[in-house]
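Structure at a glance
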Amino acid sequence: MNKPERNAPCPCGSGKKYQECCLTKDSAAHAASRWGSMSQPYQTGHYKLTPGTAHVAAATRPSAPGATTSGSFKQPMRELGNADAQYNLGNKLLIAGRLDEAISSYRKAISMHPNFAKAHCNLGLALKAQDNLDGAIASYRAAIALEPNFALAHYNLGNALQVTGNVQEAIASYGKALSLKPDYVDAYTNLLFNYAYHALLSPQEYLALARGWERACVPEMARQAAQGKRFGRAPLAGRLLKIGYVSGDFREHAVSYFVEQLFTHHDRSRVEVHAYSIYGQRDAVTDRLQALVEHWIPVEGSTDAAFMSRIESDEIDVLVDLSGHTGPNRMTVFARRAAPVQAHYLGYCASTGVSEMDYWIGDEILTPPQTDSHFSERVWRLPRVWVSYDGKKEAPVSGWGSDPDGTVWVGSFNNLGKLTPATFALWARVLHALPEGRLLLKTRELADAGNRQRVLDVMAGHGIPASRIELQSRNVTPGWKEHMAYYDRLDIALDPIGAMGGGTTTCDALWMGVPVIALEGDRMASRMTAAMLNAIGHLEWVAGSDEEYVGKVVALARDVALRKILRPAQRERMSASPLCDAKGLAACLEDAYIEMYGQWQIDQGRQS
């Protein structure tokens, strides 16, 4: 884990500079205690979830005389001869990413003190980081059996359950955490995310629940103050519009894949860009993004008040949220009204429900007028597809060829959480209608044997034998180029239905020449691929019903000649489409931001 700069806010959440706080007392016990007591995300590169973040239980005070977890991992044996010391050492090893050693320490603590609920909970975190989901779930349940009112364990159990596809159980776990701690921001956030991501509520039911988030998680006094807040801003004439982007995903993440192009192509004669990074983990993508903006402001660990003060001192005109109810986010800052204009863009699949979020940016296909009632925000429709894909020239040239024995491989590389029961049912119908078809799924979660068996069991329930299914994890492709080349295994990509559809995965498949069949859903989350296919001129791949979806897959599967014509030309066609026009997207967004700000000025004048 990278340490923050000396003058950066301390990641422990104290509000002090790092050099004034944890730099001088750099111990895992101190950091874990801060995170636990403040319910801040457990933010290391190993435990980040979408949605939300895992939470680590607070450290205990070492009971052996002089025991400590600071400095070296080596300790006198007498200090490691008690459960507390082993637990604290496990926390430090977990933070350092030394998972096998952390697991060993937690298990030693449990062997010494079987009723040590926090050790069971953090053992679950380490096991989950190794994709041992069944082991993680068992550990969280052991912690809950010992301490039924352990809100943090219920929360972490929910995170593990959602990855295995047990969404209803995950939702129940988040609900239990909230019943124990009603203002548990991250539990409410994950509850919302799961309902939106899996389309388990009607849009109106979801919106009612989303509106309740700020009532539960933001004090009434702060909400009232936000409603009457006014800002002193000069007219735009003769100056640049100041835009602030807020995200926890300025790193290797699907959101940054799209954001990087936006930062590259913003017109600096029109706008000045500030990037507020709310997550401290850095990688090569972080470095590139930082180099693309005029102002890079790390705010991980800062209080809402401190963050808002910085936004005000920067005189931001339009503050753009890129996270929504995913983790980490700073919805509590937006709920307190940090800038004259506040808008959500890109990072979330439904309304934020936040009354002080003015706009939700989409397009005519993604968020048509009939979806306006799904949002608390005003829907702002761009006159083009709402994103731009950066097709890498370094991507391998497709080597696809049709299978000589007539087998047609259909499938998806989307994450397992997107594969709803309705998706599996429809894909089974495809395979029944296409006897020569086989299903290929590839995603990280399929490294877990339990997940693989669950997929096979679900498909068997629909009459599809395991012999027609191939399940692969990301381990089969060690690098990005190998992953992209693996798309040659697919003849036709299938977009998930019923909830969250493909995003980056859809674009990757198209870039590699794979045709994608999608079902146009009734809400934003299930319309993303349709918007992308419209942008590249392949609206004929978008179905309006389950029957049409099956028919389109079968017809395309059996038209080998057409696929041989389409695939080699698809990358060039896509390159020339709006979907790959980042400069055009940046200009459209700038126009939108300027118009939003102009409307705010008009409204301010009316209130004067």
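In this text the structure is predicted, and so the values were computed from the model without any measurement.

What counts as what
- Residues numbered from 1 in each chain as written.
- Predicted model: local features only at pLDDT ≥ 70, side-chain atom pairs only at ≥ 80, totals over all residues.
- Heavy atoms only, no water.
- Helix = DSSP H or I, 4+ residues; strand = E, 2+ residues; numbered from the N terminus.
- Buried < 20%, exposed > 50% of the residue type's maximum accessible area, 1.4 Å probe, protein only.
- Contact = heavy atoms within 4.5 Å.
- Areas by Shrake-Rupley, 256 points an atom, 1.4 Å probe, with all protein chains shown as cover.
- Pairing = 2+ DSSP bridges.
- Axes fitted to C-alpha atoms, helices over the stretch in contact; angles between N-to-C directions.
- Phe/Tyr/Trp six-rings, centres within 6.5 Å; stacked < 30°, edge-to-face > 60°.
- Parallel < 35°, antiparallel > 145°, perpendicular 65-115°, else oblique.
- Left-handed = near helix turned anticlockwise from the far one by under 90°.
- Nonpolar A, V, L, I, M, F, W, Y, C, P; charged D, E, K, R; others polar.
- Core = buried A, V, L, I, M, F, W, Y, C linked by side-chain atoms within 4.5 Å.
- pLDDT = per-residue confidence, 0-100.
- Salt bridge = Lys/Arg side-chain N within 4 Å of Asp/Glu carboxyl O.

1. Some details on the overall build of the protein
- Scanning the protein from N- to C-terminus turns up 22 helices and 13 strands.
- Split into buried and exposed, the 608 residues of the protein put 60% on the buried side.
- Nonlocal contacts in the protein, meaning residues at least 24 apart in sequence, comprise 67% of its contacts between residues at least 6 apart.
- Carbon and sulfur atoms provide 52% of the accessible area of the protein, an area that totals close to 23200 Å².

2. Digging into the sheet that holds strand 6 (residues 359-363)
- With parallel pairing, seven strands are arranged side by side in an open sheet as 3-2-1-4-5-6-7. Two strands bound the open sheet, and with one partner strand each, they are strand 3 (295-298) and strand 7 (378-382). Each strand axis lies, on average, 25 degrees off the axis of its neighbour in the sheet, ignoring direction.
- The sheet contacts of helix 13 (residues 304-313) involve strand 1 (241-247), strand 2 (271-277), strand 3 and strand 4 (318-321), and relative to strand 2 the element is tilted by about 165 degrees.

3. Digging into the packing of aromatic side chains
- On inspection of all chains with the given rule, the structure shows 20 aromatic pairs.
- On the basis of an interplanar angle of 35 degrees and a centroid distance of 6.4 Å, the ring pair of Phe193 and Tyr348 is categorised as tilted. Residue Phe193 is found in helix 8 (residues 185-197), and its partner Tyr348 is found in the loop between strand 5 (341-345) and strand 6; the two are separated by 155 residues along the sequence. Comparing Phe193 with Tyr348 shows no difference in burial state: the two are buried.
- With a centroid separation of 5.4 Å and an interplanar angle of 85 degrees, the aromatic rings of Tyr359 and Trp380 are classed as edge-to-face.

4. Focus on the packing of helix 4 (residues 117-129) against helix 5 (residues 133-146)
- Taken N-terminus to C-terminus, the directions of helix 4 and helix 5 make an angle of 165 degrees; their axes are 8 Å apart at the nearest point. One element, helix 4, and the other, helix 5, form an angle in the roughly antiparallel class. In the packing of helix 4 onto helix 5, the handedness of the crossing is left-handed. Together, Ala117, His120, Cys121, Leu123, Gly124, Leu125, Leu127 and Lys128 of helix 4 and Leu133, Gly135, Ala136, Ser139, Tyr140, Ala142, Ala143 and Leu146 of helix 5 make up the contact between the two elements.
- Looking at the contact of helix 4 with helix 5 residue by residue, the classes come out as 11 nonpolar, four polar and one charged.

5. Some remarks on the sheet that holds strand 13 (residues 542-543)
- Strand order in the open sheet formed by six strands is 10-9-8-11-12-13, and the pairing between neighbours is parallel. Edge positions in the sheet fall to strand 10 (469-472) and strand 13, since each of these pairs with one other strand and no more.
- Bridge analysis of strand 11 (residues 492-494) against strand 12 (residues 516-519) gives two bridges, and the strand direction is parallel. Looking across to strand 12, one finds that Leu494 is bridged to Ile517.
- Of the strands in this sheet, strand 8 (408-412), strand 11, strand 12 and strand 13 are in contact with helix 20 (residues 546-558), which crosses strand 12 at around 170 degrees.

6. Focus: the nonpolar core
- Counting 187 residues, the largest nonpolar core has Tyr245, Tyr345, Trp386, Tyr549, Leu579 and Tyr593 as the members making the most contacts within it.
- Filtering out sequence-adjacent residues up to four positions away, Tyr593 remains in contact with Leu241, Ile243, Tyr245, His266, Val318, Val320 and Ile361.

7. Observations concerning the confidence of the model for the protein
- Scored by pLDDT, the protein comes out at a mean of 88, with 87% of its residues at no less than 70.
- Overall, residues 1-53 carries pLDDT values under 50, and its contacts beyond four positions in sequence, including any with other chains, amount to 135 contacts.
- Here residues 61-79 is modelled with pLDDT under 50, and outside its nearest four sequence neighbours on either side it reaches 37 contacts, counting other chains as well.

8. Quick word on the pattern of salt bridges
- Across all of its chains, the model carries 30 salt bridges by this definition.
- Salt-bridge contacts for Asp317 lead to Arg239; the nearest nitrogen and oxygen are separated by 2.9 Å. Here the residue Asp317 occupies a position in the loop between helix 13 and strand 4, and Arg239 occupies one in the loop between helix 10 (220-227) and strand 1, the gap between them amounting to 78 residues.
- Given a relative accessible area of 0%, Asp317 falls into the buried group.

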